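# Fold and contact review
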Amino acid sequence: MAAEKSGKKKLTPRQHAFVRNLAKGASQKDAFIAAGYKAKHPDQGAHQALKQIQGKVPQIMDEMGLTDHLLIEKYLVPLLDAEETKFFNEGKKRINVPALGIRHTALDTAFKLRGSYAPRDPKEAEQFGVKVIVMDMPRPPKHHPAIDVEPSGNGTPPTDNDGHD
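All figures in this text were calculated on a predicted structure; none of them were measured in a lab. Residue indices begin from 1 for each chain and proceed along its sequence in written order. Thresholds applied to this predicted model are a pLDDT of at least 70 for local features of residues and 80 or more for the giving and counting of side-chain atom pairs; totals over whole chains, interfaces and linings are not thresholded and use all residues. Working from all heavy atoms in the structure, the side-chain values ignore hydrogens and water.

### Examining the packing of aromatic side chains
A ring pair, where both rings are aromatic, is described by two values, the distance of the centres and the angle of the planes. Each Phe, Tyr or Trp ring (for Trp, its six-membered ring) is paired with any other whose centre lies within 6.5 Å, and the angle between the two planes then decides the class: stacked below 30 degrees, edge-to-face above 60, tilted in between. Enumeration according to the criterion identifies 3 aromatic pairs in this entry. Note on phenylalanine 32 and tyrosine 37: the rings are 4.5 Å apart at their centroids and 5° apart in plane angle, and the pair reads as stacked. Considered together, phenylalanine 32 and tyrosine 37 belong to a single accessibility category, that of buried residues. Put simply, the rings of Phe18, Phe32 and Tyr37 touch in pairs and so form one group of aromatic residues. The buried label applies to any residue whose accessible area, calculated with a 1.4 Å probe on protein chains only, is under 20% of its type's maximum; exposed applies above 50%, and partly exposed to all values in between.

### A short note on the pairing of strand E2 (residues 93-98)
Any two strands are treated as partners once DSSP identifies two or more bridges connecting them. Counting from the N terminus, the helices are the DSSP runs of H or I reaching at least four residues and the strands are the DSSP runs of E reaching at least two. Two strands pair when backbone bridges link them, and strand E1 (residues 83-88) and E2 are joined in this way by 6 bridges, in the antiparallel orientation. Its bridge partner lying in E2, lysine 86 is registered against isoleucine 95. The turn linking E1 back onto E2 is made up of 4 residues, and asparagine 89 within it adopts a positive phi angle of 55°.

### Brief notes about the confidence of the model for the protein chain
Averaged over all residues, the pLDDT of the protein chain equals 79, while 75% of them reach at least 70. Per-residue confidence from the prediction method is given by pLDDT, with values spanning 0 to 100. Averaged pLDDT values for the elements of the protein chain fall to 44 in helix H1 (residues 2-5) and rise to 94 in E2. Throughout, a contact is declared for two residues whenever any of their heavy atoms are within 4.5 Å. A low-confidence stretch, residues 1-6 stays under pLDDT 50, and its non-local contacts, those more than four residues away or across chains, total 4 contacts.

### What about the nonpolar core?
In terms of nonpolar packing, the biggest core is built from 11 residues, these being Leu11, Ala17, Phe18, Ala31, Phe32, Ala35, Tyr37, Ala46, Ala49, Leu50 and Ile53. Contributions of two or more residues to this core are made by helix H2 (13-23), helix H3 (28-34) and helix H4 (42-63). Counting residues per element, this core draws most heavily on H4, at 4 residues. With sequence-adjacent residues up to four places away left out, isoleucine 53 is seen in contact with Leu11, Gln15, Phe18 and Val19. Among the buried residues, those of types Ala, Val, Leu, Ile, Met, Phe, Trp, Tyr and Cys that are joined through side-chain atoms within 4.5 Å form a nonpolar core.

Below you can see the structure in the form of structure tokens.
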């Protein structure tokens, strides 16, 4: 209680258990139930518990020295250049290739952190506007099949009547 009054946000024992269960690979619903939460709708309860935890995590991470800048600089950026070694010919030949799976996950993480993805929840999406870009460009000329666009070869411009008077 004293920690809450001093402005520090701490996880409750149930929240700790919920996070531990998620880290072990449990689904949100299963982690919620295993943490001792009781709810008529455990999927919804798990979502709400996760939102509460997400609100506390940034301050906890900052207190531990895991600032956004440090995480991006030391961990995320190096992942964008990740490579893996592939072995061929019974291990006699090896080459380094881009680790596309790792790079994809790193990019996905970066986009999520930046909020670059559209919200999945319709209620959350309502909070964001739509950006409309208006471009004023002239239309290209219409192509008319009766007009020859190839040069006639005799130095005279093409005609519309194909030589018929």
